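# A closer look at the structure
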Amino acid sequence: KLDQEIAGLSSFLEKISGARVKDCFQDEDTIYFVVAPGEIGKAIGKGGMNIKRVQDELHKKIIVVEFRDHVDEFIKNLIYPLAVERIVEEQDSFILQDSSRKTKGLLIGRDGKNLKFINRAVQRFFGKEVKVE
């Protein structure tokens, strides 16, 4: 369910780029857009011009992620350019497993910010929690 501000942000990116936005949410300093499969190139624009324009207009960092129907692929898009050794599905969660402490730290992020973003996106579409091991 989108509130009016989020709907406005979604239509703003759609108008500038022509990409279909499936979802949009934000935290203090970043706006996250989830675009339909195959629309990431449109959303970013040549040389990143669409993202730069939206960032300049809204004075916030913009992150665009391409949606995928398979949760493994969607999680890989969310964490890109990072990669994990395994994504394990349990009954009520997905576990990102990696032997590298650095990768785990980057996945979690300062004050858990990155993991909160990953969780928020996965919960909205797949209804499960994401954990890092």
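Residues numbered from 1 in each chain as written. Predicted model: local features only at pLDDT ≥ 70, side-chain atom pairs only at ≥ 80, totals over all residues. Heavy atoms only, no water.

### Describing the nonpolar core
Filter applied, for reference: We define the nonpolar core as a collection of buried residues of types Ala, Val, Leu, Ile, Met, Phe, Trp, Tyr and Cys that are connected through side-chain atoms lying within 4.5 Å of one another. Per-residue accessibility, obtained with a 1.4 Å probe over protein chains only, is compared with the maximum for each type, and a residue is labelled buried under 20%, exposed over 50%, and partly exposed between these values. Helix and strand labels come from DSSP, where a helix needs a run of H or I of at least four residues and a strand needs a run of E of at least two; each type is numbered from the N terminus. We call two residues in contact whenever any of their non-hydrogen atoms come within 4.5 Å of each other.
By size, the foremost hydrophobic cluster in this structure holds 21 residues, and its most contacted members are Phe74, Ile75, Leu78, Leu96, Ile118 and Val122. Breaking this core down by element, the ones donating at least two residues are strand E2 (30-35), helix H4 (71-79), strand E5 (93-97) and helix H6 (113-126). Discounting residues that sit within four places of it in the chain, leucine 78 has contacts with Val65, Phe117, Ile118, Ala121 and Val122. Of all hydrophobic cores here, the second largest spans 16 residues; its members include Leu9, Ala19, Ile31 and Phe33.

### Some words on unusual backbone geometry
Both trends apply: most residues other than glycine have a negative phi, and most peptide bonds are in trans. With an omega of 15 degrees, the peptide bond between tyrosine 80 and proline 81 qualifies as cis. One non-glycine residue, histidine 59, adopts positive backbone phi at about 55 degrees. Structurally, histidine 59 is set in the loop between helix H3 (49-58) and strand E3 (61-66). Phi is positive for aspartate 111, close to 55 degrees, though the residue is something other than glycine. Note that aspartate 111 resides in the loop between helix H5 (101-108) and H6.

### Some details on the packing of H4 against H6
Put simply, the rule reads: Lines fitted to C-alpha atoms define the axes here, with helix axes fitted over just the stretch in contact, and angles between the N-to-C directions of these axes take values from 0 to 180 degrees. Between 65 and 115 degrees an angle is taken as roughly perpendicular, under 35 as roughly parallel, over 145 as roughly antiparallel, and anywhere else as oblique. For any pair of crossing helices, the crossing counts as left-handed if the nearer helix is rotated counterclockwise from the farther one by less than a right angle, and right-handed if it is rotated clockwise. Polar here means any residue other than Ala, Val, Leu, Ile, Met, Phe, Trp, Tyr, Cys and Pro, which are nonpolar, and Asp, Glu, Lys and Arg, which are charged; Gly is therefore polar.
Interhelical geometry of H4 versus H6 gives an angle of 150 degrees and a closest axis separation of 10 Å. In terms of orientation, H4 lies roughly antiparallel with respect to H6. Pair H4 / H6 crosses with right-handed handedness. Between H4 and H6, the contacting residues are Val71, Phe74, Ile75, Leu78 and Ile79 on the first element and Phe117, Ile118, Ala121, Val122, Phe125 and Phe126 on the second. Grouping the amino acids of the contact of H4 with H6 by side-chain chemistry returns 11 nonpolar, no polar and no charged.

### Focus: the sheet that holds E3
Hydrogen bonds along the backbone pair up the strands of a sheet, which may run parallel or antiparallel. Spelled out, the test is: Being paired, for any two strands, means DSSP has found at least two bridges between them.
Pairing is mixed across the open sheet formed by three strands, whose spatial order is E1-E2-E3. If you trace the sheet from one side to the other, it starts and ends with strand E1 (21-26) and E3, each paired once. When the angles between neighbouring strand axes are averaged without regard to direction, this sheet yields 20 degrees. Strands in contact with H6 are E1, E2 and E3; relative to E1, the strand with the most contacts, it is inclined by about 140 degrees.

### Examining the pattern of salt bridges
Oppositely charged side chains can form a pair if their charged atoms are brought close together. Quick note on the threshold: What counts as a salt bridge is simple: a side-chain nitrogen of Lys or Arg found within 4 Å of a carboxyl oxygen of Asp or Glu.
All told, the structure shown has seven salt bridges when counted by the stated rule. Residue arginine 124 is joined to aspartate 23 by a salt bridge in which the shortest nitrogen-to-oxygen separation is 2.4 Å. With arginine 124 in helix H6 and aspartate 23 in strand E1, this pair connects stretches of sequence that are 101 residues apart. For arginine 124, a relative accessible area of 37% translates into the label partly exposed. A salt bridge links arginine 68 to glutamate 73, with the shortest nitrogen-to-oxygen separation between them at 3.7 Å. By sharing partners, the salt bridges in this structure join Asp27, Asp29 and Lys113 into a single network.

### Some points on the sheet that holds strand E6 (residues 129-132)
Taken together, three strands build an open sheet; the order of strands is E4-E5-E6 and the sheet is mixed. Each edge of the open sheet is held by one strand with a lone partner, namely strand E4 (86-89) and E6. Shown here is a sheet whose adjacent strand axes are inclined to one another by a mean of 25 degrees, direction ignored. Looking at chain direction, E4 and E5 are connected through four bridges and run antiparallel. Each bridged residue has a counterpart across the sheet, and for glutamate 89 the counterpart in E5 is phenylalanine 94. Contacting E4 and E5, H4 runs over the sheet at an angle of about 55 degrees to E5.

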